[in-house]
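Observations on chain architecture
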Amino acid sequence: MKITYKIFNSVLVAFIWYFASVSPLSAQKSEPDNNYGDLSFNFVHQVDGNPILYDTMIYTNSAGNKYEINQVQYFISEIVLYSHSVDSIMFSPLIPWHYVDKDYPNTLIWSPDDKIPAGRYDSISFIFGLSKNNNKSYRFKNPPESIMFWPDVLGGGYHYMKINVRYHNNNGDISNFNCHLGIGQIRNEQKKIIGFIHNYFRVTLPASSFKISKGEISKVEIIMDINKWFGPPDIIDFNNYGGIMDNQEAMRSICKNGSSAFSCRIIE
Amino acid sequence: MNRKQPNIILIIICTGLGLFILTCSVSKGFVRNLFDQPTPYLLKISIFPDSLNIPADNPMTVEGIELGRYLFYDGRLSGNKDKKKLMSCASCHKQEHSFECGIDNPLYKGGRPHGLSGKETPHVMLPLINLAWINEGYLWNGKISNSNNTLGDEKLGVPAEPIYNYKNIESLVWMSIVSPYEIAGNIEKTVNTIQNIPLYPPMFKKAFGSDTVTIERIDKAIAQFIRSLVSCNSRFDRFMDGKAELTTSEMNGLTLFTTERGDCFHCHGSPALPLWTTNLFMNNAKDIDFNEIGDRFSVTHNPRDRGKYRVPTLRNIELTAPYMHDGRFKTLEEVLEFYNSGLKRSPYVDPLMINMNHGGMHLTNKDLIDLKAFLLTLTDSTFITNPQYSNPLPWNKYFIK
């Protein structure tokens, strides 16, 4: 019986040792910080280099429409950090998307726990919106992300972006324009939907070389100039639209303009 | 026998007991656990958001919900036993109308409720369904929210104490007791009346561990019952589950609803937003002048919020006439006609309302019929007949029929 008791005690001690040393909690504690740093993205919205004054009719687009900006909501995803000195990596690979909403300050910073190998990185790129693989209907159950749904009949998934503005129409009256991007539709001659087009696109940020230092936090501001979505090169006259969710031609033009809507500022 | 052997047996017994306690504490239903604590009630609907608005100091329990159900229907909540002065939540919130009063209610002409004093409520009702998933504030203007730090009501003699806050569904209970538009009563009188009804002290004991009735416990119990009112089994839900069919007309209605032709979905949701509301506050182009004192502006004091009201859920919309915050539309046809050709332009209209640019959707009559047909698929007939939500003592003269 004494031997049995000793065996039991040994097993118990081994069991406790295993959990103390192999559990995720202990692993976190003992993980070395060698040669890694942190990276955080801040999202900034401007017009012509100045912070936006929301709900204020002071902006003019390339078509000459006077307008105000009311809502700015969008997804960016699959950020890639390119480097020739260390391996290029995907930022936050487990959850590679981020929702940005000017009304929710906590969405204006994307700072996951992932450690980034220290070194010099040459440039940053990201997908504007959600790629085909990530843009699945019913993925987000909770607001505010869930409110970005894109109806199944129009292709499903989620809005890449909602920029909602009020403007003075050609008669001088207040009107609404919704710059909503998402999956586009291919229609036949009878206007029946026969296929879909994923309008997401990859943006490479100009002058986005940055450095990750061991144990340090590097910050990158991703700056979106709202006015650039409306041209050039394609001039978007709000009077010609209301919403554009089932207008693939308009969405294509806005995507074309959007490629140059982004810049960045490195805060190392 | 070695003297250390009992330790092994003790370990086995403790492990078994621990597992038993664990099983008791996580099981849902009507079995009370070992320590006579109220039984936790798990509120989880797979298609709805995970983020529930349940205060940490009022977790839902089977016993709390049951007590709340009794109080919800007991006319003595008014603090009176006189038949003419009975009033409770159920006086206006009727199950058959998704817990609104209903436009055909013989007591409340045109679906506009009033209290014991005869004063009509400032707004028409909102349905009491799926409220546990509202995190943006309650009532048409969102006044009841966690960000509201007001306490008490000096005019009505309610002291500025933490229990008299304006933060959640619990607050709506004490407010209803003193409101001149509802019970117009006295909190102390209500508490005393409930305390002296033999039915209740044991129920309070089971729900809260004490047979002493307090306004805080009344608030909590009724709030728990209201949070348990879940509607998620409409024909459209069954269609999404592959258990029901929609007609061609209903399918066309769904398409109109979820494209920019109807453009209903940006505010009222879709299968991907199955509460069928964003629960946000919007100005939907009903008016040009905004003089109503109970709009969202009255809460935020942001001039841009003039004329904004909560976007109501479309679940059971068939049952909840009259429509809009002031009940100006009596039928769904009137509502659809408003959105089709009656939108009014103003700088306060929500920018999502792109159909404002042209005065409305301008759909054909057939399309409007299809849109209505689709809306009717959101009626949950099992909800309005669910015995869990009904009057527990219909034969009792004090309970509101």
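Structure: above.
Since the structure is predicted, the reported quantities are computational estimates derived from the model, not experimental observations.

**Quick look at the overall build of chain A**
Of the regular secondary structure elements, chain A holds three helices and 18 strands. Looking at chain A as a whole, 50% of its 268 residues qualify as buried. The contacts in chain A between residues at least 6 apart in sequence include a share of 71% that link residues at least 24 apart. Here chain A has roughly 13,000 Å² of accessible surface; of this, 53% comes from carbon and sulfur atoms.

**Structural notes on the interface of chain A and chain B**
Between chain A and chain B, the contact holds 37 residues from the first and 41 residues from the second. Of the roughly 3,100 Å² buried between chain A and chain B on both sides combined, carbon and sulfur atoms contribute 59%. Between chain A and chain B we count two salt bridges in total. Taking the shortest distance from any N to any O, the salt bridge between Arg 304 of chain B and Glu 68 of chain A comes out at 3.0 Å. At the boundary of chain A and chain B, one finds 18 residue pairs in polar contact (both at pLDDT 80 or more). Those elements giving two or more residues to the side of chain A that touches chain B turn out to be helix H1 (2-22), strand E4 (66-82), strand E11 (161-168) and strand E12 (174-181) of chain A. Here the side of chain A that touches chain B is built from residues that sort into 16 nonpolar, 13 polar and eight charged.

**What about the nonpolar core?**
Counting 98 residues, the largest nonpolar core has Phe 41, Phe 128 and Trp 229 of chain A as the members making the most contacts within it. In terms of residue count, the dominant contributor to this core is E4 of chain A (eight residues). When sequence neighbours within four positions are dropped, the list of residues in contact with Phe 128 of chain A reads Tyr 74, Phe 75, Ile 76, Tyr 160, Met 161, Leu 181, Tyr 200, Phe 201, Val 203, Met 224, Trp 229 and Phe 262 of chain A. Leu 77, Tyr 166, Leu 229 and Leu 393 of chain B belong to the second-largest nonpolar core, a separate cluster that totals 63 residues.

**What about the packing of aromatic side chains?**
Residue and element names in this part refer to chain A. This model, assessed by the stated rule, comprises 43 aromatic pairs over all chains. Taking 4.9 Å as the distance between ring centres and 75° as the angle between the ring planes, the aromatic pair formed by Phe 140 and Tyr 158 counts as edge-to-face. Note that Phe 140 is positioned in the loop between strand E10 (123-128) and E11 and Tyr 158 in the loop between E10 and E11, a separation of 18 residues in sequence. Both residues of the pair, Phe 140 and Tyr 158, belong to the buried class.

**Observations regarding the pattern of salt bridges**
Scanning all chains against the criterion turns up 20 salt bridges over all chains. Measuring nitrogen to oxygen at the nearest pair gives 2.9 Å for the salt bridge that ties Asp 74 of chain B to Arg 76 of chain B. Exposure class is identical for Asp 74 of chain B and Arg 76 of chain B. Each is buried. Of the charged contacts, one joins Lys 372 of chain B and Glu 333 of chain B as a salt bridge, the two residues approaching to 2.5 Å between their closest N and O atoms. Taken together, the residues Lys 372 of chain B in helix H12 (residues 365-376) and Glu 333 of chain B in helix H11 (residues 332-341) connect sequence positions 39 residues apart. Three or more residues joined by partner-sharing salt bridges are found here, namely Glu 68 and Arg 166 of chain A together with Arg 304 of chain B.

**Observations regarding unusual backbone geometry**
Across the junction of Pro 143 of chain A and Pro 144 of chain A, the peptide omega takes the value 5°, indicating a cis bond. Its location among the elements puts Pro 144 of chain A in the loop between E10 and E11. Here Ala 321 of chain B and Pro 322 of chain B are connected by a cis peptide whose omega angle stands at 5°. With respect to the element layout, Pro 322 of chain B can be found in the loop between strand E2 (309-310) and H11. The phi angle at Trp 276 of chain B is positive, at roughly 60°, despite the residue not being glycine. Not every positive phi belongs to a glycine, and His 301 of chain B is a case in point at roughly 60°. Relative to the assigned elements, His 301 of chain B resides in the loop between helix H10 (297-300) and E2.

Conventions adopted
- Residues numbered from 1 in each chain as written.
- Chains lettered and ligands numbered in written order.
- Predicted model: local features only at pLDDT ≥ 70, side-chain atom pairs only at ≥ 80, totals over all residues.
- Heavy atoms only, no water.
- Helix = DSSP H or I, 4+ residues; strand = E, 2+ residues; numbered from the N terminus.
- Buried < 20%, exposed > 50% of the residue type's maximum accessible area, 1.4 Å probe, protein only.
- Contact = heavy atoms within 4.5 Å.
- Areas by Shrake-Rupley, 256 points an atom, 1.4 Å probe, with all protein chains shown as cover.
- Buried area = accessible area lost by both parts, 1.4 Å probe.
- Salt bridge = Lys/Arg side-chain N within 4 Å of Asp/Glu carboxyl O.
- Polar contact = N/O pair within 3.5 Å; in protein donor to acceptor, adjacent residues only side chain to side chain.
- Nonpolar A, V, L, I, M, F, W, Y, C, P; charged D, E, K, R; others polar.
- Core = buried A, V, L, I, M, F, W, Y, C linked by side-chain atoms within 4.5 Å.
- Phe/Tyr/Trp six-rings, centres within 6.5 Å; stacked < 30°, edge-to-face > 60°.

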